[in-house]
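As a plain string of letters, each chain reads:
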Amino acid sequence: MVPTDRLLAFAAMSFLLIVVPGPSVLFVVGRALAQGRRAALTTVAGNTAGAYVLVLAVAFGVGSIVERSVLVFTALKLAGAAYLVYLGVKAWRERGALRAAFAEDAAAAGPGSARTFWEGFAVGVTNPKTIVFFAAVLPQFVDRAAGQVAAQMLLLGLVFNVIALASDSVWGLVAATARGWFARSPRRLSAVGGAGGITMIGLGVTVAVTGRKD
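Let me begin by describing the structure that accompanies this report. (Residues numbered from 1 in each chain as written. Predicted model: local features only at pLDDT ≥ 70, side-chain atom pairs only at ≥ 80, totals over all residues. Heavy atoms only, no water.)

Note that Val125 resides in helix H7 (residues 113-125). With a relative accessible area of 19%, Val125 lands in the buried category. In the structure, Val125 is positioned 75 residues away from Gly50 in sequence and 4.3 Å away in space, judged by C-alpha atoms. (Helix = DSSP H or I, 4+ residues; strand = E, 2+ residues; numbered from the N terminus. Buried < 20%, exposed > 50% of the residue type's maximum accessible area, 1.4 Å probe, protein only.)

What follows is the structure, encoded as structure tokens:
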């Protein structure tokens, strides 16, 4: 399996990548502000599952196709960006409904746990930063002489996702806690929905215009 020194080095690099807010973190924060703790944690779960699909893709060879093909990479990036903008616009338009939803159940997942999970999954599986990291960096930590290359990649990917799950959950819980303060005022709560929507729209635009271009 993966040598201990490589495993620790990969974990350290993963941590540095994860703690810097990117598409996944900003999406979770937006969800936490707009819908609360339960929705944030459900989004984190979906996001983590989506990221691990990328690990599976890299482990079994699909990741190299994405990394080498500018067309495939760009198409996937733009699809993820468009989805984020769509969700952001939707959150902005529905910001006025947050007060009633909060009054009914402050921990409710909003549109439904299953849908919230799959929306988080979509963001996780189309995250350009994660795609590039898994396709270009993860394979470098594999000890090919030891064999079982796919199994090593799956283990490394699991380490990344455990760190991401913990980090994103903290971001979501902190943002959801702040939401409680906003909920004491109808205007503040409406502003939360708008802020969450704007965050996702801005994130989608950022994802669309950044990343690999050649």
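Together, Phe15, Leu16 and Val19 make up a nonpolar patch on the protein surface, roughly 280 Å² of accessible area in all. As for its placement among the helices and strands, Val19 is situated in helix H1 (residues 4-19). What makes Val19 partly exposed here is its relative accessible area of 30%. (Patch = residues over 30% accessible without salt bridge, like charges linked within 9 Å, V, L, I, M, F, W, Y side chains within 5 Å. Areas by Shrake-Rupley, 256 points an atom, 1.4 Å probe, with all protein chains shown as cover. Salt bridge = Lys/Arg side-chain N within 4 Å of Asp/Glu carboxyl O.)

On to the packing of helix H2 (residues 23-35) against helix H3 (residues 37-59), then. Taken N-terminus to C-terminus, the directions of H2 and H3 make an angle of 155°; their axes are 7 Å apart at the nearest point. Between H2 and H3, the interaxial angle falls into the category roughly antiparallel. Classified by chirality, the crossing of H3 by H2 is right-handed. Along the contact surface, H2 presents Ser24, Phe27, Val28, Arg31, Ala32 and Gln35, while H3 presents Arg37, Ala39, Ala40, Thr43, Val44 and Asn47. Split into classes, the residues belonging to the contact of H2 with H3 amount to six nonpolar, four polar and two charged. (Axes fitted to C-alpha atoms, helices over the stretch in contact; angles between N-to-C directions. Parallel < 35°, antiparallel > 145°, perpendicular 65-115°, else oblique. Left-handed = near helix turned anticlockwise from the far one by under 90°. Contact = heavy atoms within 4.5 Å. Nonpolar A, V, L, I, M, F, W, Y, C, P; charged D, E, K, R; others polar.)

Applying the stated criterion across every chain, the model contains two cavities of 30 Å³ or more. Here the largest cavity is characterised by a volume of approximately 150 Å³. Every residue lining the largest cavity is counted, 16 residues in all, and those nearest its centre are Ile18, Ser24, Asn127, Thr130 and Phe160. Residues belonging to the lining of the largest cavity are distributed by class as follows: seven nonpolar, seven polar and two charged. (1 Å grid on protein atoms, 1.4 Å probe; cavity = no way out; pocket = protein on both sides within 12 Å on 5 of 7 lines; lining within 4 Å. Points joined across faces, edges and corners; volume = space filled by probe spheres on them.)

Ranked by internal contacts, the top residues of the largest apolar core, which has 22 residues, are Phe10, Phe133, Phe134, Leu138, Met153, Leu156 and Phe160. Counting residues per element, the ones that place at least two in this core are H1, H3, H7, helix H8 (128-137) and helix H9 (149-182). Looking at this core element by element, the count peaks at five residues for H3. Among the nonpolar cores identified, the runner-up in size contains nine residues, and Val29, Leu33, Val44 and Ala176 belong to it. (Core = buried A, V, L, I, M, F, W, Y, C linked by side-chain atoms within 4.5 Å.)

With that settled, the discussion passes to the pattern of salt bridges. It is possible for side chains bearing opposite charge to pair when their charged atoms get close. With the rule as written, the count across this model stands at two salt bridges. Here Glu119 and Arg31 are joined by a salt bridge, their closest N and O atoms 2.4 Å apart. Of the two residues, Glu119 is situated in helix H7 and Arg31 in helix H2; the sequence distance between them amounts to 88 residues. Taking relative accessible area as the criterion, Glu119 reaches 4% and is therefore assigned buried. Judged by its relative accessible area of 5%, Arg31 is buried. Between Glu119 and Arg115 there is a salt bridge; the shortest N-O distance is 3.5 Å. Taken together, the residues span about one helical turn, with Glu119 and Arg115 both in helix H7 at a distance of four residues. In the salt-bridge network here, residues are joined through shared partners; they are Arg31, Arg115 and Glu119.

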